[in-house]
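# Working through the structure, step by step
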Number of protein chains: 2
Amino acid sequence: MRAAVMRHSKLVVDTVPDPEPGPGEVLVKTLACGICGSDLHALEHADKLVESAAESGVPFLMDVTRDIVMGHEFCAEVVDYGPGAMKAHAPGTRVVSMPLAMGPGGLQGVGYSNDYPGGYGELMKLSELFLIPVPNGLPTEHAALTEPMAVGMHAVAKSRFEQWDAPMVIGCGPVGLAVIAALKLRGAEPIVAADFSPTRRALAAKMGAHVVVDPAQTPAIEAWREAAGARPAVIFECVGVPGLLLQVMRDAPREARVVVAGVCMEEDRIRPMIGINKELSLQFVLGYAPDEFAGTLTAIAEGKIDVAPLVTSRIGVGGVPAAFEELANPEGQAKILVEPWR
Amino acid sequence: MRAAVMRHSKLVVDTVPDPEPGPGEVLVKTLACGICGSDLHALEHADKLVESAAESGVPFLMDVTRDIVMGHEFCAEVVDYGPGAMKAHAPGTRVVSMPLAMGPGGLQGVGYSNDYPGGYGELMKLSELFLIPVPNGLPTEHAALTEPMAVGMHAVAKSRFEQWDAPMVIGCGPVGLAVIAALKLRGAEPIVAADFSPTRRALAAKMGAHVVVDPAQTPAIEAWREAAGARPAVIFECVGVPGLLLQVMRDAPREARVVVAGVCMEEDRIRPMIGINKELSLQFVLGYAPDEFAGTLTAIAEGKIDVAPLVTSRIGVGGVPAAFEELANPEGQAKILVEPWR
């Protein structure tokens, strides 16, 4: 099959072997797959990613010296089954799945694995048990956004969000936008969001932010104070660059809950005394639970989360390397969808 | 009055003016006052302490170029009242108080103020409203431990501790010991505690730890795993030296809640990816709420927290500078009580 392949920390477009579904697995055709900022990080910091995963006890580790087909935000179509599958979904059924597969050696991350190619290729093999059929009528490109939107749902759930809480979202890339959508779904108000990019600020407003600021003009915390007064602060750090966490802690009001959703691969510095004096909490988050993933698809299908504004471009497999370059500049793009059969 | 005074970052014993109670204030005789590790930090890092307090929006700041009488863990005796007081407690009544006073210029920290001398002096002025009489029969030296034990009660409350959680206490100085006592009061089991000092380990066992380890022999996390298996981990970091937080995050099991109760005055490094991969939370804590303070006194008075093992020495005002030196070495001492009228 044709695929965009991570090979020795470079992205190349090549023909690679078709995946062959094993016991309990399903072969699917990738219909659409979003490009995730984590994949840009992974390409740049593959060794660090694997090292920190190993150190954190993550059970599946990729071998970065061998080919990896990334892509974990997908909608696909059932083609065929491996041995011993229940064949619950007829060929042609459109499905989504958490990007996890139960392989013979244990759990694997689809798109971060040498054995389970992700959605930047034409075909994937998935665990049948993880498949969720796409509700009739939901466009494929919207179903493909289940995964990134579930990240926002999970981040808000982990913040122990309550109705009187006043949220602030730092960074309006795909993670920040997903957080805004999840906050809107909960009826949070006002939602204050900040990003240096005008395109992203416009998207933040579309996704439900009530107050959107350019931090170059107005510090986010000032806009938050004006909008939220003395309400409990829940701050979503959705950027992930060194130094930002310290700045967030400096700006945070007393007893703020800071959710760290931005992925900072490097070492970072904090000043514990600031956390202590203000009794801050930092909740690091990753991924989502199965019920959050399924619930996100339902919310999108029922029109409670409108993901349409997020898709800014569609490309074929051949366009993936250039898209990665383009995404390094946040202006202009939110979610680029890869449609491998395009 | 005679007092141990912080003067230009040195401790000196001197005669200073008696405090004069203002409106709504009470003049008290200090009966006993514990020496707190924070005071050792404050003496060493006075400028940093004030700087980070200012940056964190703490409303009361001391002027370190002027005299400060520290000491905020006290039991005292009512002597006289200022104008406009209710005089609810007769002279001679033994009282404790949160080390806060409502002065003419706003809130002040008793023992961290140029205007409100703390318990390392013979006399203090306190806000009448904050006084809590010591229940009949409770020894003064035990009542004086209300403040440090309340710190432990608060840390456990902020951890959102639940019955099935399995706690681990890193560092068995006064803060760690207070956390152990608070955990025992909640019926937590097993309580795993670690400290390099044999004296402190013995105290940890006395205060209620079920498993006590010397980290030089056995990593605390190994002892915890053996005792707690796969139960939810709540880790209390009660040391506060740079680098320890990173180590705790490295060792922590997935989804552990880390309570940062150790006061690290310096900048510290963390690796956010470790927090993200394991979805850790860090809750920084400080002090206690008024109800926690009052509840701690009640628990001590009812014999539910036995503080007797903690008092390892009693000294007069003249002995304070030497005691500060001695406390730099954790072996041998837990709580040293200053009895200014001794």
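The model shown is predicted, which means the values in this text are computed figures rather than measured ones. (Residues numbered from 1 in each chain as written. Chains lettered and ligands numbered in written order. Predicted model: local features only at pLDDT ≥ 70, side-chain atom pairs only at ≥ 80, totals over all residues. Heavy atoms only, no water.)

With that settled, consider the overall build of chain A. In terms of helices and strands, chain A carries eleven helices and 18 strands. Compactness check: chain A gives a C-alpha radius of gyration of 20 Å against a globular reference of 20 Å for 342 residues, within 12% of the reference. Taken over the C-alpha atoms alone, chain A extends approximately 60 × 40 × 35 Å along its principal axes. For chain A, with 342 residues in total, the buried portion stands at 58%. Considering only residue pairs separated by 6 or more positions, chain A has 72% of its internal contacts joining residues 24 or more positions apart. Taking the average location of the 28 positive side-chain charges in chain A and that of its 41 negative ones, the two points are 4 Å from each other. (Helix = DSSP H or I, 4+ residues; strand = E, 2+ residues; numbered from the N terminus. Rg over C-alpha atoms; globule rule 2.2 N^0.38 Å. Buried < 20%, exposed > 50% of the residue type's maximum accessible area, 1.4 Å probe, protein only. Contact = heavy atoms within 4.5 Å. Lys, Arg positive; Asp, Glu negative; His and termini not counted. Charge placed at Lys NZ, Arg CZ, Asp CG, Glu CD.)

Time to look at the nonpolar core. In this structure, Ile-35, Tyr-120 and Phe-324 of chain A together with Ile-35, Tyr-120 and Phe-324 of chain B are the most contacted members of the largest nonpolar core, which totals 147 residues. By size, the runner-up hydrophobic cluster in this structure holds 49 residues, among which are Val-234, Val-259, Phe-293 and Val-311 of chain B. (Core = buried A, V, L, I, M, F, W, Y, C linked by side-chain atoms within 4.5 Å.)

The next thing to look at is the packing of aromatic side chains. Residue and element names in this part refer to chain A. Tallied over the entire structure, the rule returns four aromatic pairs over all chains. Against the face of Tyr-116 rests Lys-125, its NZ or CZ located 4.7 Å from the ring centre. Between Arg-231 and the ring centre of Trp-164, over which it is positioned, the NZ or CZ distance is 4.2 Å. (Phe/Tyr/Trp six-rings, centres within 6.5 Å; stacked < 30°, edge-to-face > 60°. Lys NZ or Arg CZ within 6 Å of the ring centre and 35° of its normal.)

Note on the copies: chain A fits chain B at an RMSD of 0.0 Å, the axial shift is 0.0 Å, and the rotation between them is 180°. Such a turn and shift between the copies fits a two-fold axis. When the interface residues of chain A are mapped onto chain B, 100% of them again lie at the interface, so the same face is used by both copies. (Least-squares fit on C-alpha atoms with pLDDT ≥ 70 in both.)

For the rest of this paragraph, the subject is the domain arrangement of chain A. Residue and element names in this part refer to chain A. For chain A, the assigned domains read domain 1 (2-145 + 307-338) and domain 2 (148-284). The distance between the C-alpha centroids of domain 1 and domain 2 comes to 28 Å. Listed per partner, the contact involves 17 residues of domain 1 and 14 residues of domain 2. Around 1400 Å² of area is buried between domain 1 and domain 2 when both sides are counted, 70% of it from carbon and sulfur atoms. Between the two partners, domain 1 and domain 2, sit zero salt bridges. At the boundary of domain 1 and domain 2, one finds two residue pairs in polar contact (both at pLDDT 80 or more). Only α1 (37-44) and α2 (46-55) provide two or more residues apiece to the side of domain 1 that touches domain 2. Across the side of domain 1 that touches domain 2, the residue classes tally to nine nonpolar, four polar and four charged. (Domains from an automatic or database assignment. Buried area = accessible area lost by both parts, 1.4 Å probe. Salt bridge = Lys/Arg side-chain N within 4 Å of Asp/Glu carboxyl O. Polar contact = N/O pair within 3.5 Å; in protein donor to acceptor, adjacent residues only side chain to side chain. Nonpolar A, V, L, I, M, F, W, Y, C, P; charged D, E, K, R; others polar.)

Before going further, it helps to spend a moment on the side chain of Glu-73 of chain B. All names here are of chain B. Assignment of secondary structure puts Glu-73 in strand β4 (residues 73-81). For Glu-73, a relative accessible area of 1% translates into the label buried. A polar contact is formed between the side chain of Glu-73 and the side chain of Lys-335, at a distance of 3.0 Å. Glu-73 has contacts with Ala-32, Cys-33, Gly-34, Ile-35, Cys-36, Ala-144, Glu-147, Pro-148 and Lys-335, leaving out every residue within four places of it along the chain.

What follows concerns the sheet that holds strand β16 (residues 281-284) of chain B. Ordered by their spatial adjacency, twelve strands build an open sheet running β12(A)-β11(A)-β10(A)-β13(A)-β14(A)-β16(A)-β16(B)-β14(B)-β13(B)-β10(B)-β11(B)-β12(B), and the pairing between neighbours is mixed. The open sheet is flanked by β12 (211-213) of chain A together with β12 (211-213) of chain B, the only strands paired with a single partner. Across the sheet, the mean angle separating the axes of adjacent strands is 15° when strand polarity is ignored. With five bridges joining them, strand β10 (residues 166-170) of chain A and strand β13 (residues 233-237) of chain A adopt parallel strand pairing. Bridging from a neighbouring strand, Val-169 of chain A pairs with Phe-236 of chain A of β13 of chain A. Where helix α5 (residues 174-185) of chain A meets the sheet, it contacts β10, β11 (192-194) and β13 of chain A, and its direction lies at approximately 165° from that of β10 of chain A. (Pairing = 2+ DSSP bridges. Axes fitted to C-alpha atoms, helices over the stretch in contact; angles between N-to-C directions.)

Let's shift gears to the pairing of strand β17 (residues 311-315) of chain B. Residue and element names in this part refer to chain B. Where β17 and strand β18 (residues 335-338) come together, four bridges link them in parallel fashion. Looking at β18, one finds that Ser-313 is bridged to Ile-336. Read from β17 through helix α11 (residues 320-327) to β18, the crossover connection turns out right-handed. (Right-handed = clockwise from strand over helix to strand, strands pointing away.)

To continue, consider the interface of chain A and chain B. On the chain B side, the residues contacting the 40 residues of chain A number 40 residues. Carbon and sulfur atoms make up 54% of the area that chain A and chain B hide from each other, which totals about 3700 Å². When the area that chain A buries against chain B is broken down by residue, the three leading residues are Ile-276, Glu-279 and Phe-284 of chain A, summing to 19%. On the surface where chain A and chain B come into contact, there are eight salt bridges.

This next bit is on the environment of Leu-183 of chain A. Among the secondary structure elements, Leu-183 of chain A is positioned in helix α5. When near neighbours in sequence (up to four residues on either side) are disregarded, Leu-183 of chain A contacts Val-156, Phe-161, Pro-167, Val-169, Ala-188, Ile-191 and Phe-236 of chain A.

Moving on to the packing of helix α4 (residues 146-158) of chain B against helix α10 (residues 290-301) of chain B. Residues and elements named next belong to chain B. The geometry of α4 relative to α10 is characterised by a closest axis approach of 8 Å and an angle of 115° between their N-to-C directions. By the angle between their axes, α4 is roughly perpendicular relative to α10. Note that α4 runs across α10; the crossing there is right-handed. Facing α4, whose interface residues are Thr-146, Glu-147, Met-149, Ala-150, Met-153, His-154 and Ala-157, α10 presents Glu-292, Phe-293, Gly-295, Thr-296, Leu-297 and Ile-300. Here the contact of α4 with α10 is built from residues that sort into seven nonpolar, four polar and two charged. (Parallel < 35°, antiparallel > 145°, perpendicular 65-115°, else oblique. Left-handed = near helix turned anticlockwise from the far one by under 90°.)

For the rest of this paragraph, the subject is helix α10 (residues 290-301) of chain A. All names here are of chain A. Counted at 1.5 Å a residue, the expected span for α10 with its twelve residues is 16 Å, and the 17 Å between its end C-alpha atoms agrees. Where α10 is concerned, the buried positions are Glu-292, Phe-293, Thr-296, Leu-297, Ala-299 and Ile-300. Down the axis of α10, the smallest arc covering the buried residues is 165°, so these residues share one side. Turned more than 90 degrees away from the buried face of α10, the exposed residues are Pro-290 and Asp-291. Buried residues in α10 make contact with β5 (94-97), β9 (131-133), α3 (140-143), α4 (146-158) and α5. Following α10 by one or two positions, Gly-303 adopts a phi angle in the positive range, close to 80°. (Expected span 1.5 Å × (residues − 1). Arc of directions from axis to C-beta.)

Right, let's talk about the pattern of salt bridges for a bit. Per the counting criterion, the structure on display carries 32 salt bridges over all chains. For Arg-7 of chain A, the salt bridge goes to Asp-14 of chain A, with nearest N and O atoms at 3.0 Å. Among the ionic pairs, Glu-267 of chain B bridges to Arg-269 of chain A, the shortest N-O distance being 2.2 Å. Residue Glu-267 of chain B is found in the loop between β14 (257-260) and β15 (268-270), and its partner Arg-269 of chain A is found in strand β15 (residues 268-270); the two belong to separate chains. Owing to a relative accessible area of 36%, Glu-267 of chain B belongs among the partly exposed residues under this scheme. The exposure class of Arg-269 of chain A is partly exposed, given its relative accessible area of 40%. Counted as one network, the salt bridges with shared partners bring together Glu-141, Arg-314, Glu-339 and Arg-342 of chain A.

All right, on to unusual backbone geometry then. Residues and elements named next belong to chain A. Along the chain, Glu-189 connects to Pro-190 via a cis peptide bond; the corresponding omega equals -5°. Relative to the elements of secondary structure, Pro-190 occurs in the loop between α5 and β11. Look at Ser-9: it is not a glycine, yet its phi comes out positive at around 60°. Relative to the helices and strands, Ser-9 is located in the loop between β1 (2-7) and β2 (10-15).

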